[in-house]
Amino acid sequence: MTAIGIDLGTTYSAMATVMENSTPQIIKNCDGDSITPSVVYIPADGEPIVGSEAKEFQAVGESEVASFFKREMGNPDFFLTFHDRKYTPVELSAQVLKKLKRDAEAQLKQPVDAAVITVPAYFNNSQRNDTITAAEMAGLKVLRIINEPTAAAIAYGLSGRSKGTEQTTMVYDLGGGTFDVSIVRTSGNEITVLASDGDHKLGGKDWDDRVAVYLACEFKKEFGDDPFEDMESFNDLLVSCENAKRELSERESTKVKIAYNGQVGRYTLTREKFEELTQDLLERTKNISQLVLNSVPGLTWEKLDGILLVGGSTRMPMVAGFVEKMTGKPPVRGVNVDEAVALGAALQAASDLREKGEFSIEGTQAKEAFTLPAIRDVTCHSLGMVAENQDRSKYLNSIIIPKNSQIPAENACDYVIRISARRPEVNKLEVYMLQGESVDSPLECLLLGKYVFTGFVPVPQGKAQVRVHYAYNKNGTVDVRAEQTNAPGGSINLQLQIEPVPEDMSWLTRSPKENTMNQQSIPSALVIAVDASGSMEGRRMKEARNAANALVEKLDLQQIHVGIMVFSDQMEALAPCSDDRRIVCDAIAKLRIGWGYGNDASPFTHAMEMMQYEEGEKFIVVLTDGYWQCTDLAIRQAAQAKAEGAEIIAIGIGDADHRFLKKVATCDENALMTDLSKLVESFSTIAQVLSAGNASGADLVVPDTGTPKRKGFFSKLFG
Ligand code: AMP
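Here we look at the overall build of the protein chain
The helix and strand tally for the protein chain stands at 17 helices and 34 strands. Taking 2.2 N^0.38 as the reference for a compact globule, 719 residues should give roughly 27 Å; the C-alpha atoms of the protein chain span a radius of gyration of 35 Å, well beyond that estimate. Taking the principal axes of the C-alpha coordinates as reference, the protein chain spans close to 105 × 65 × 55 Å. The proportion of buried residues among the 719 residues of the protein chain is 57%. Within the protein chain, contacts between residues at least 6 apart in sequence are counted, and of these 71% link residues at least 24 apart. A total accessible area of about 30000 Å² is found for the protein chain, and carbon and sulfur atoms account for 47% of it. The average position of the 75 basic charges and that of the 99 acidic charges among the side chains of the protein chain differ by 3 Å.

This is the structure we're talking about:
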């Protein structure tokens, strides 16, 4: 297999291979140039033309020319239309890669089948995947994707130069369309990227645009016409401005000619004016550099050992001056800013081939064993997922793999979701994977995909424990998988289906409570257990009926099945758990004393039996007005019910014992002593909390904390 290193740049691309003596070398293209413009000309007939010829077409004002499409990688909505056919950034990039592959094969006199391709460090998952797709379309196998600053660090041999001592260097990479900055620590034979960030819409092109806008204004002032109005003169002006910019890297002033609408304007542009027009762009690089520096604990400009300049735009004298001012030290020299990235990629390609035992072509790629420094790169974006916050009031981005984690990076989180044995079709876990830093606003992050997991095995209590794994692989792209860890025979992998991300994600702006109310969900079950001892006779029992009615009236019985029971010395189910409002209301009307006088019995086991066929969450509301004889039995039974997943709410009136109620309730806040006149209100509160908290089968709550715990039924209104 023959593999090369490719720097697929916004404005220019370059390729390199490793020679016999283990040194990397640029492969010139068929025009004899070491860099190839990333420009594609689409003729009406025949094959697209790539490189300097296409750039010349652009310079003479041809409109069928595509450039700067790298900035649109990962954007599914972007395309350019030539001769009634749409071209995506992936297809256009594939054309550039095809040309590079063809030229490399001509130079090396061998088929080239694989490559290491570089991308800006901040490139997200879609942009990286698009790059891989473009390479495949061009007939290249991608050995790996590496970050441009890391490739530059490899080429520069930072590790070799540090001669065993630890050094921390900033790689400042300003290309044609992108800006990347990384902090790299080297020691002996190791390169570790500590932090990385960038701006994919900041590069040399923005400097060109500034000059073009300025000169177009000058032209308009002079002749009243705007050369930007015409595509040809617009392209023409952009090409002239790029040339002017390059000239200003060599001398103090240059001349630009603009010809439009029969008029010709001639303008002198000084380096000083050029720097004044573009100063704020440099400031933007400073802000990003400062952020990256700050993200490495304890690092300051003083402690930095050097700044390595990479990318064609760092040839502008203003950059070196600015970097020196920003950091307090002159930039490190000795690297060809156009070539470093491709050379680093070639070293990585040779190393990958060697590792696989697939030696490359005789005479061109390294025969000698050579070792590449061990490279540890980092993620440029945090990876998270949509989850609910604890009180289910909003969605957030729960970050699983934080930004600047070393790659490959992997992390797993545990969740509990309710599953149904009888309705397996509702058993699915939907993971919305996010890339980005905003915790509070998931919609500000990039939604990488919708991953739907199915194949759950039924478990007692219907609570499946799920472990979701996230991984950034060595290419910086993302993988996701999930397992059910409490399946009866041990852990099992869940089946993954990747679904298109729905266009309408506005549900993320509503609260999870609101959303789940509209969803098909597994119904919960509630048993209302009323003390029917003699002391409840009269007004107490009447208020109990009113309160039970008030509760049931507010519930959607399709979502919460309700059963009614009484207890004193004996117990009786007046209505089994049902979604039939008539049955439930009839049973409430039958609530009366006459089941014995004391409280020998405990209602909890009986209530659980009433709910034994229910699959959703289980609740017991117990109302009592006095002391129970067998408190130990009641506490034991309540503990058992709680262990089986039920939530107990205990309400006391009259002579009830608050301390005892707290012992049987799920938490202190679920035990309430109330006045008879407030009984209806208390039961209404329960209805409110139950309705809001009815969870669907696939709730995904903030990781590491398991299922969300309510703060207690009465914490807000009474607590
Ligand atoms: P790269 O993407 O690293 O190939 O960088 C290409 C960018 O570098 C383009 O915007 C070029 O205009 C710019 N560039 C190349 N050479 C020079 C130079 N001598 N002075 C100023 N900018 C340059």
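With respect to the site of the ligand
In the vicinity of the ligand, 14 residues are found, and the nearest of them are Thr11, Glu242, Lys245, Ser249 and Gly312. Interatomic distance of 2.7 Å between a side-chain N/O atom of Lys245 and an oxygen atom of the ligand. Note that an oxygen atom of the ligand is positioned 2.9 Å from one of the backbone N or O atoms of Gly312. Here the ligand, which alone exposes 500 Å², has 93% of that area covered by the protein. Considering every element that reaches the shell around the ligand, the biggest residue donor is helix α7 (residues 231-248), with three residues. Here the residues of the shell around the ligand are counted per class, giving two nonpolar, eight polar and four charged.

Focus: the pairing of strand β32 (residues 618-624)
When you tally the buried positions in β32, you get seven out of seven residues, the bulk of the element. Residues Lys618, Ile620, Val622 and Thr624 point to one face of β32 and Phe619, Val621 and Leu623 to the other, with burial holding for every one of them. The pairing of strand β29 (residues 524-531) with β32 spans six bridges and is parallel. The residue bridging Val530 from the neighbouring strand is Leu623, located in β32. As defined by bridge partners, β32 adjoins strand β33 (residues 646-652) across seven bridges and the pair is classed as parallel. By the bridge assignment for β33, Val621 is matched with Ile649. Running through helix α15 (residues 631-643), the crossover from β32 to the neighbouring parallel element β33 is right-handed.

What to know about helix α3 (residues 125-137)
Between the first and last C-alpha of α3 there are 18 Å, a value that for 13 residues agrees with the 18 Å anticipated at 1.5 Å per step. Within α3, the full set of buried residues consists of Asn125, Gln127, Arg128, Asp130, Thr131, Ile132, Ala134 and Ala135. The opening residue of α3, the one whose side-chain oxygen lies 3.1 Å from the backbone nitrogen of Ser126, is Asn124. Phi for Gly139, located one or two positions after α3, is positive at around 85°.

Cut-offs and rules
- Residues numbered from 1 in each chain as written.
- Predicted model: local features only at pLDDT ≥ 70, side-chain atom pairs only at ≥ 80, totals over all residues.
- Heavy atoms only, no water.
- Helix = DSSP H or I, 4+ residues; strand = E, 2+ residues; numbered from the N terminus.
- Rg over C-alpha atoms; globule rule 2.2 N^0.38 Å.
- Buried < 20%, exposed > 50% of the residue type's maximum accessible area, 1.4 Å probe, protein only.
- Contact = heavy atoms within 4.5 Å.
- Areas by Shrake-Rupley, 256 points an atom, 1.4 Å probe, with all protein chains shown as cover.
- Lys, Arg positive; Asp, Glu negative; His and termini not counted.
- Charge placed at Lys NZ, Arg CZ, Asp CG, Glu CD.
- Near = heavy atom within 4 Å.
- Polar contact = N/O pair within 3.5 Å; in protein donor to acceptor, adjacent residues only side chain to side chain.
- Nonpolar A, V, L, I, M, F, W, Y, C, P; charged D, E, K, R; others polar.
- Pairing = 2+ DSSP bridges.
- Right-handed = clockwise from strand over helix to strand, strands pointing away.
- Expected span 1.5 Å × (residues − 1).

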